[in-house]
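# Topology and contacts: notes
Each chain, written out:
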Amino acid sequence: MLFKILVLDSHGSELRKYADHSLWKEYGFEISRYTSDISAAVSAACEKECGLVICVDRPAAALSVDFLNRTARRKTEIPTIVISYLDSPKNIRECFLLGAIDCLTEPISEDDLREALVRASGVVSQRVMNSEYSKAMETALAAIELTDDNSSMLEKLGEFLVKVKGCAVTVEEAADYFGFNPDYFRRYFKRRAGISFSDFYKRLTMDYAKLLLSSGHYKVNEVSDLLGYSSSDYFTRVFKKVTGRVPSDFRK
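The present account deals with the structure reproduced in this document.

Criteria and thresholds
Residues numbered from 1 in each chain as written. Predicted model: local features only at pLDDT ≥ 70, side-chain atom pairs only at ≥ 80, totals over all residues. Heavy atoms only, no water. Salt bridge = Lys/Arg side-chain N within 4 Å of Asp/Glu carboxyl O. Helix = DSSP H or I, 4+ residues; strand = E, 2+ residues; numbered from the N terminus. Buried < 20%, exposed > 50% of the residue type's maximum accessible area, 1.4 Å probe, protein only. Core = buried A, V, L, I, M, F, W, Y, C linked by side-chain atoms within 4.5 Å. Contact = heavy atoms within 4.5 Å. Pairing = 2+ DSSP bridges. Polar contact = N/O pair within 3.5 Å; in protein donor to acceptor, adjacent residues only side chain to side chain. Phe/Tyr/Trp six-rings, centres within 6.5 Å; stacked < 30°, edge-to-face > 60°. Lys NZ or Arg CZ within 6 Å of the ring centre and 35° of its normal.

With that out of the way, let us pick up the pattern of salt bridges. Counted by the stated rule, this structure contains 11 salt bridges. Close ionic contact of Arg 70 with Asp 66 constitutes a salt bridge, the shortest N to O distance being 3.2 Å. You can see Arg 70 and its partner Asp 66 sitting in helix α3 (residues 64–73), four residues apart, about one turn around the helix. Put simply, Arg 186 and Glu 172 hold a salt bridge, and the shortest N to O gap is 3.5 Å. In this pair, Arg 186 is assigned in helix α8 (residues 182–193) and Glu 172 in helix α7 (residues 171–178), connecting sequence segments 14 residues apart. Judged by its relative accessible area of 42%, Glu 172 is partly exposed. Via salt bridges that share partners, Glu 26, Glu 110 and Arg 114 belong to a single interconnected network.

And the structure:
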């Protein structure tokens, strides 16, 4: 599945001259919608109907700063590339300050577009990973019944899971974060959580893997690499043991 691009342009469809460029798919994107309506673009961004916005600034309609300001006011961060027909360093600087990934000036060279899409692909992928990890983490923590005895542990566990996002974690590393030796930490965790830390973390990572696969943006071997497994075959064996299904069952 490709990340969707929304093009915001006062001229509507003029940017279609780039639509068939092979670079879009090469870096995981497709232009899915064009609009000249800035309110519609802001709504689409807030509703997560696209993964990337390309905002075109023209002499009679500098939309980018307005768009970025509106999404910021609605507490929505959407990866945005600005294409400018304007000769306005001030406008470009303001776009960068508001979080634009890149600002390109017409005419756009293939190298410029490639560099912008490389950056955009990294940003969009990281956003998906962060979002799915947060969901998996919340589910894993919610599965442990909250009691007076484990409330402080769960709070510290949540802080630890945020800290190690994107890493393969061992019991020894978790124990060190809690300030215990590994043997004591194993007993401490299981007594308060009702599950061993190893099993807890394995379930968390497999839930995270399911979400990444279900997003349609990652292949099995890519998820295996993201989770730090030595091979996709080993990842598949662990995944099947924990979930009872193979990773490809969740791949869109």
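The next subject is the nonpolar core. One finds Leu 157, Leu 161, Phe 197 and Phe 200 to be the most contacted residues of the largest nonpolar core, which totals 63 residues. Examining the composition of this core, we find that 12 residues originate from one element, helix α5 (residues 110–142), more than from any other. Residues within four places of Leu 161 in sequence aside, it is in contact with Tyr 133, Met 137, Leu 141, Phe 200, Tyr 201 and Leu 204. Residues Leu 8, Ala 41, Cys 55 and Ala 61 belong to the second largest nonpolar core, which totals 21 residues.

Okay, the pairing of strand β1 (residues 3–9) next. Among the seven residues that make up β1, six are buried, leaving the element largely enclosed by the rest of the structure. Pairing of β1 with strand β3 (residues 52–57) involves five bridges; the strand directions are parallel. Within β3, the position partnered with Leu 6 by the bridge is Val 53.

With that settled, consider helix α2 (residues 38–46). Those residues of α2 that fall on the buried side of the exposure criterion are Ile 38, Ala 41, Val 42, Ala 44, Ala 45 and Cys 46. Summarising the contacts, the buried residues of α2 are in contact with β1, β2 (29–35) and α3. The residue sitting at the N-terminus of α2 and contributing the capping side-chain oxygen is Asp 37; that oxygen lies 2.9 Å from the backbone nitrogen of Ser 39. Remark: Lys 48 follows α2 within two positions and exhibits a positive phi of approximately 60°.

The subject of this paragraph is the packing of aromatic side chains. According to the stated counting rule, one finds 20 aromatic pairs in the structure shown. Relative to Phe 197, the ring of Phe 185 lies with its centre 5.5 Å away and its plane at 65°, an arrangement referred to as edge-to-face. A residue pair is termed long-range when its members are at least 10 positions apart, and Phe 185 in helix α8 and Phe 197 in helix α9 (residues 197–214) qualify at 12 residues. For Phe 197, a relative accessible area of 4% translates into the label buried. Their ring planes at 75° and their centres at 5.6 Å tell us that Phe 239 and Phe 250 sit as a pair that is edge-to-face. You can see Phe 239 sitting in helix α11 (residues 232–243) and its partner Phe 250 sitting in the segment after α11, a full 11 residues away along the chain. Here the two residues Phe 239 and Phe 250 agree in accessibility, since each one is buried. Among the aromatic side chains, those forming a connected cluster through ring pairs are Phe 160, Tyr 177, Phe 178, Phe 180, Tyr 184, Phe 185, Tyr 188, Phe 189, Phe 197, Phe 200 and Tyr 201. We note Arg 58 situated over the ring of Tyr 85; from NZ or CZ to the ring centre the distance is 4.2 Å.

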